[in-house]
Amino acid sequence: MGYAHVYAHEIMHRGRVPMEPADFVPDWADRPRKAKFHPDAETLPLPESPEPPEQAAGAVRGFTLPLLSGMLRDSYGLTGRRLAVQANTDLAALPHYTHANWSRGTASGGGLYPVSVHWAAGPGGPLTPGLYHYAPHQHGLRRLLTGDVTGEVRSALGPGAGAAGAATQYLVLGVKYWQNAFKYNSFSFHAVSMDVGALVQTWRLWAARYGLRIDPVLWFDEERLARLLGVAAEEEGIFAVVPLTWDGAPVAERPGAAPADAAPADAAPADTSPADATPADATPPDAAPAARHRDVERSRRVLVFETLLRIHEATAGRAADRPAPDALEAAAAFPPRGGDPLPLPAPPAPPVTTARALRERRSSFGRFDASRPLAAGPFAAALADCAATAYGTEAERPGGPPLTSLYAFVNHVEGIAPGAYAYDPAAHTLRLRVPGPRGSFLQRNYFLSNYNLEQAGAVIVPTVRTTAVLDAVGDRGYRLVGATIGAVAQTFYTTAAAFGLGAGVALGFDNISYQEELGLTGTDEAPLLIMLLGHDRPRPADFRHEIA
């Protein structure tokens, strides 16, 4: 049994046994920046992406620079100032511009957004081949290295990566731990694993409208990619590699080499530097490629947490450890159990596009209003969409059994009696687990003061058999568990925004109490998140950033 089992146990019991360091207090005056900073790197502005039509966008042959720009902006780009009267604990700081929070399409634990997005651009794309970092505050690309590094990415993926090993464009997702750990210390690894899954799911939802696939690779030589990105392996984990199908780009002939006759794409390049020039930051041919521009830390004091170091080391990726595609069959979700099935209405079609829903996504933070019951249709749509969500790595067989189960605490839903239910996605029904109102249980087992859970129409709880996943694929499976739950949370938020509903996702609850309440004691089903859905109070006091 690896250390990930120990960490998973501590996460589940932290509501009763605090994780070390139990007396930790964040130093807000010395907090890190909200994004990486490369002071000497050239920043290339990304083009405006076309406004997506309300109807389906239709299939395209592959990504273009405007499409990639749109996906990055709608996922991690800043879409608006977050300033409203609500119940979150950071309210006092929000009016001050230097402490401003900004809304983004993707959810993030604590609104900290620690995931770094790098683009390894190869031949056939719109830019000079090289390594670029997405700067969300500028919505631009910082060039960290010039020269084709996609062969290095393919070598890190190893021979068993399938079609991913033939791509010429890759997005590489890292997590700068201090950007989250300054606030959440040892708990931060659990939170950032979900952040990665939420971001990947945003991309999957966004790209699906254009017929494009997002299939993250989880097993690779993490140390090699950390060296390529110019980061210390213990300070930044490399969590996923996402190959991109590019419009007009060639297919790599073999891992570690790209075709010499790659033709440029038709899209107008945003980078006008000549491709045959020899830039000053070009990689010497006898050295392993590595980013020439490094992130500059703002914090004067960076703390090291032993638990975080241990779980990072235990879950570090190696291509040779890649599991078989059917390895997770043994960790599949159990069939739903409970009373007689209660049919749900067919999920209605969302009234707005995915892109618009992402731009309107936000957390309710205590603004739920139980005077208007939640309609059963949108509630059913949220359950169905969340149940259909998977992280989609190479360890998950397409069409294979799901890893997540869904439970719902119904407070105020039209036509459904209050109680705790199990959701059966195959039959699209609910099965009663505990009858009667559960509002007092929900609030009693919530640690924070920013939500009144009883005022939500329903509280949806995803579970994963965490220890079974770890037994099936090893300690790196902990990153898969977290990302799977993060993907479900992002689907939940996007569906809620599409139907104009209030939503909130929280980690601050007693996991063991939920196991006991749902009758899961003695199983390995782990409740890892609570997701609140309902109507917000009418006429919210929001800051209209778009007309300011």
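Because the structure is predicted, anything quoted here is derived from the model rather than measured.

The next thing to look at is the layout of surface pockets. Taking a probe equal in size to a water molecule and rolling it over the atoms shows the remaining empty space. Of the pockets and cavities examined, the second largest pocket occupies roughly 1000 Å³. Residue lining of the second largest pocket: 43 residues in total, with R213, I214, D215, G392 and T393 positioned closest to the centre. Here the lining of the second largest pocket is composed, by residue class, of 26 nonpolar, 10 polar and seven charged.

This part is about the pattern of salt bridges. It is possible for side chains bearing opposite charge to pair when their charged atoms get close. Here the structure, examined in full by the defined rule, presents 22 salt bridges. Here D321 ties to R318 by a salt bridge, and the two come within 2.8 Å at their closest N and O atoms. On the basis of relative accessibility, which here comes to 42%, the residue R318 falls in the partly exposed class. One salt bridge connects E517 with R438, and the closest N-O pair in it is separated by 2.5 Å. Of this pair, E517 sits in helix α13 (residues 511-517) while R438 sits in the loop between β12 (429-435) and α10 (439-444); the two residues are 79 residues apart in sequence, bridging distant segments of the chain. Overall, E517 belongs to the buried group, its relative accessible area being 18%.

Okay, the nonpolar core next. Core analysis: the biggest nonpolar cluster contains 112 residues, and F63, W119, W203 and F379 have the highest contact counts within it. Those residues in contact with W119, other than ones at most four positions away along the chain, are L65, L68, P126, L127, G130, L131, Y132, L141, Q169, Y170, L171 and W246. Core analysis: the next-biggest nonpolar cluster, separate from the first, contains 24 residues, A41, L131, L144 and Y170 among them.

Relative to the helices and strands, D369 resides in the loop between α8 (354-360) and α9 (376-387). Of the buried charged residues, D369 lacks a salt bridge, with R372 as the closest side chain of opposite charge at 4.8 Å. Here the side chain of D369 touches S371 through a polar contact of 2.8 Å, side chain to side chain. Leaving out residues up to four positions away in the same chain, D369 has contacts with Q455, H535, D536, R537 and P538.

By the secondary structure assignment, D74 is in helix α2 (residues 65-75). Within polar-contact distance, the side chain of D74 engages the side chain of R359 at 2.9 Å.

Another aspect to go through is the packing of aromatic side chains. Aromatic rings in a pair are described by how distant their centres are and how their planes are angled relative to each other. Under the criterion given, the structure shown has 22 aromatic pairs. Ring geometry for Y7 and F189: centres 6.1 Å apart, planes at 90°, overall edge-to-face. Of the two residues, Y7 is situated in helix α1 (residues 3-13) and F189 in helix α5 (residues 188-208); the sequence distance between them amounts to 182 residues. Residue Y7 is classed as buried on the basis of its relative accessible area of 0%. Taking the centre distance of 5.6 Å and the plane angle of 80° together, the rings of F409 and Y514 count as edge-to-face. One end of the pair, F409, is in strand β10 (residues 404-410); the other, Y514, is in helix α13, and 105 residues separate them in sequence. Overall, the relative accessible area of 0% leaves F409 in the buried class. Given a relative accessible area of 0%, Y514 falls into the buried group. These aromatic residues form a ring-pair network of at least three members: Y7, Y177, F189, F239 and Y478. Positioned above the aromatic ring of F187 is the side chain of R14, whose terminal nitrogen or guanidinium carbon lies 3.8 Å from the ring centre.

We now examine the packing of helix α11 (residues 466-473) against helix α12 (residues 477-498). One way to put it is that α11 packs onto α12 with a least axis distance of 8 Å and a crossing angle of 140°. One way to sum up the angle between α11 and α12 is to call them oblique. In this structure, the crossing between α11 and α12 has a hand that is right-handed. Across the interface between the two elements, T466, V469, L470 and V473 from α11 touch G477, Y478, L480 and V481 from α12.

This part covers the packing of α1 against helix α7 (residues 306-315). Packing of α1 against α7 leaves a shortest axis separation of 9 Å and a crossing angle of 135°. In terms of orientation, α1 lies oblique with respect to α7. In terms of crossing hand, the pair formed by α1 and α7 is left-handed. Here Y3, A4, Y7 and E10 of α1 lie close against α7, whose contacting residues are T307, R310, I311 and A314. Here the contact of α1 with α7 is built from residues that sort into five nonpolar, one polar and two charged.

Rules used throughout
Residues numbered from 1 in each chain as written. Predicted model: local features only at pLDDT ≥ 70, side-chain atom pairs only at ≥ 80, totals over all residues. Heavy atoms only, no water. 1 Å grid on protein atoms, 1.4 Å probe; cavity = no way out; pocket = protein on both sides within 12 Å on 5 of 7 lines; lining within 4 Å. Points joined across faces, edges and corners; volume = space filled by probe spheres on them. Nonpolar A, V, L, I, M, F, W, Y, C, P; charged D, E, K, R; others polar. Salt bridge = Lys/Arg side-chain N within 4 Å of Asp/Glu carboxyl O. Buried < 20%, exposed > 50% of the residue type's maximum accessible area, 1.4 Å probe, protein only. Helix = DSSP H or I, 4+ residues; strand = E, 2+ residues; numbered from the N terminus. Core = buried A, V, L, I, M, F, W, Y, C linked by side-chain atoms within 4.5 Å. Contact = heavy atoms within 4.5 Å. Lys, Arg positive; Asp, Glu negative; His and termini not counted. Polar contact = N/O pair within 3.5 Å; in protein donor to acceptor, adjacent residues only side chain to side chain. Phe/Tyr/Trp six-rings, centres within 6.5 Å; stacked < 30°, edge-to-face > 60°. Lys NZ or Arg CZ within 6 Å of the ring centre and 35° of its normal. Axes fitted to C-alpha atoms, helices over the stretch in contact; angles between N-to-C directions. Parallel < 35°, antiparallel > 145°, perpendicular 65-115°, else oblique. Left-handed = near helix turned anticlockwise from the far one by under 90°.

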